Amino acid sequence: MAEPELLLDSNIRLWVVLPIVFITFLVGVIRHYVSILLQSDKKLTLEQVSDSQVLIRSRILRENGKYIPKQSFLMRKFYFNNQDDGFFKKTKRKVVPPSPMTDPSMLTDMMKGNVTNVLPMILIGGWINWTFSGFVTTKVPFPLTLRFKPMLQQGIELLSLDASWVSSASWYFLNVFGLRSMYSLILGQDNGADQSRIMQDQMSGAAMAMPADTNKAFKAEWEALELTDHQWALENVEEDLMSKDLDLSGQ
Amino acid sequence: MATLAAKREGPQFISEVAVRGNGAVLEYCRTSVSALSGATAGILGLTGLYGFVFYFLASFFLSVLLILKAGRRWNKCFKSRRLLFTGGLVGGLFTYVLFWTFLYGMVHVY
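What you see is a predicted model, and the numbers here were worked out from it, not measured in a lab.

Conventions we followed
Residues numbered from 1 in each chain as written. Chains lettered and ligands numbered in written order. Predicted model: local features only at pLDDT ≥ 70, side-chain atom pairs only at ≥ 80, totals over all residues. Heavy atoms only, no water. UniProt positions renumbered as here; feature names shortened; annotations may be inferred. Helix = DSSP H or I, 4+ residues; strand = E, 2+ residues; numbered from the N terminus. Buried < 20%, exposed > 50% of the residue type's maximum accessible area, 1.4 Å probe, protein only. Phe/Tyr/Trp six-rings, centres within 6.5 Å; stacked < 30°, edge-to-face > 60°. Lys NZ or Arg CZ within 6 Å of the ring centre and 35° of its normal. Axes fitted to C-alpha atoms, helices over the stretch in contact; angles between N-to-C directions. Parallel < 35°, antiparallel > 145°, perpendicular 65-115°, else oblique. Left-handed = near helix turned anticlockwise from the far one by under 90°. Contact = heavy atoms within 4.5 Å. Nonpolar A, V, L, I, M, F, W, Y, C, P; charged D, E, K, R; others polar. Buried area = accessible area lost by both parts, 1.4 Å probe. Polar contact = N/O pair within 3.5 Å; in protein donor to acceptor, adjacent residues only side chain to side chain.

S.K.: Describe in detail the UniProt feature "transmembrane region" (unreviewed entry) in chain A, supporting the description with residues and values.
M.R.: The UniProt record annotates "transmembrane region" (unreviewed entry) at residues 12-34 and 115-136 of chain A. A distance of 31 Å separates the end C-alpha atoms of residues 12-34 of chain A, which is 100% helix and 0% strand.

S.K.: If you had to explain the side chain of S34(B) to someone new, which residues and values would you point to?
M.R.: Topologically, S34(B) is positioned in helix α1 (residues 16-44). Its relative accessible area of 1% is what places S34(B) among the buried residues.

S.K.: I'd love a proper account of the packing of aromatic side chains, names of residues and values included.
M.R.: All chains considered together, the criterion is met by 8 aromatic pairs over all chains. With a centroid separation of 5.5 Å and 25° between ring planes, the pair formed by F177(A) and F94(B) is classed as stacked. One end of the pair, F177(A), is in helix α7 (residues 168-178); the other, F94(B), is in helix α4 (residues 89-109), on a second chain. For the pair Y55(B) and Y96(B), a centre-to-centre distance of 4.9 Å together with 40° between the ring planes defines the contact as tilted. Separated by 41 residues along the polypeptide, Y55(B) in helix α2 (residues 48-70) and Y96(B) in helix α4 bring together distant segments of the chain. Joined through ring pairs, the aromatic side chains of F52(B), Y55(B), F56(B), Y96(B) and W100(B) make up one cluster. Above the ring of F94(B), the side-chain terminus of R180(A) is found at 5.8 Å from the ring centroid.

S.K.: Break down the packing of helix α1 (residues 10-37) of chain A against helix α8 (residues 180-187) of chain A for me, with residues and values.
M.R.: Residues and elements named next belong to chain A. Interhelical geometry of α1 versus α8 gives an angle of 55° and a closest axis separation of 11 Å. Considered as vectors, α1 and α8 are oriented oblique to each other. Between α1 and α8 lies a crossing whose hand is right-handed. Mapping the contact onto sequence places T24, F25, G28, V29, H32 and Y33 in α1 and Y183, I186 and L187 in α8. Considering only residue class, the contact of α1 with α8 consists of 6 nonpolar, 3 polar and no charged.

S.K.: Any chance you could break down α8(A) for me, citing the residues and the numbers?
M.R.: An α-helical segment advances 3.6 residues per turn. Residues three or four places apart therefore align on the same side. The buried fraction of α8(A) is high, at 6 of 8 residues. Among all positions in α8(A), only R180(A), S181(A), M182(A), Y183(A), S184(A) and L187(A) are buried.

S.K.: Tell me about the interface of chain B and chain A, and please be specific about residues and values.
M.R.: Counting residues at the interface gives 34 residues for chain B and 38 residues for chain A. Here chain B packs against chain A, burying approximately 3,000 Å² in sum over the two surfaces, 67% of which is carbon and sulfur. Linking chain B with chain A are 1 residue pair in polar contact (both at pLDDT 80 or more), by the criterion used here. Broken down by secondary-structure element, the contributors of at least two residues to the side of chain B that touches chain A are α1, α2 and α4 of chain B. Considering each element in turn, the side of chain B that touches chain A owes the most residues, 14 residues, to α4(B). In terms of residue class, the side of chain B that touches chain A is built from 19 nonpolar, 11 polar and 4 charged.

Below you can see the structure in the form of structure tokens.
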């Protein structure tokens, strides 16, 4: 524990370090509430809801078919997949697939997401860098290599200063990253202030493209259901029960 | 009679809501421990490698406590034991560094 080499003015502590912490935190909270206010209503039609429920039902049938008797399974499969009047064969929905460029609601959602999350961070980072520039803010407790110097000591022109003494902009970014998990403590899950979650959602949302074309979804589900076979999970249940030592005393 | 292996499949019926709730509780614990241990490290004045080692020690201690609390029925609550050890480690690291820097600055630099 070496003695720190520099002595910093206490006013810096009072008027720079603490305000940056408060600003970061409050901006995050405000962002959360703004995102709640700006959430556009998602209008769902009855047909969409019933379609998604049918898909869920078919998926459940595929996954858990082995727990019902063979006759029941075949009956349900027949309802969905019959050649002439099975549900997946018969229903054709007239659907215009909403691509991200043409559907206005999705476009505004994306824009709102970008605006509320990235823009404030850049703006405030820039403002803090401009306001609190030219002096050392704090010292990070671990040694950093010299490569980090230009990045972390934006306004300070000392060549021989240890890279651990950082400027206010880097303190701001440290705050942004560190307070991310604090937001879930305070605002509960699924809060609008957590940027990393938003970015993860954006990345995974592109991967699991919504089945905008319900016809395609139906077709895929039909194929999957055709392929599933009925494996009767209770087939050997008598053998299993007989072979184990049954404790019938009850608990 | 041929020997029949009991076809015991793993726990098939998993409630998504419960899994997510458990994960949220874990993350809450992890964040709290990171914040407190960061504050402690800052006040103690740990620097450099000692600080990081302290974080991993604290996380490990948290995992041990969680396993003690989960007891033998852990697989009723969690899919794998590794999740108790490593869940939210990196997010906690950021929080730890933030609190560590903050209190180190408060106490030792000023």
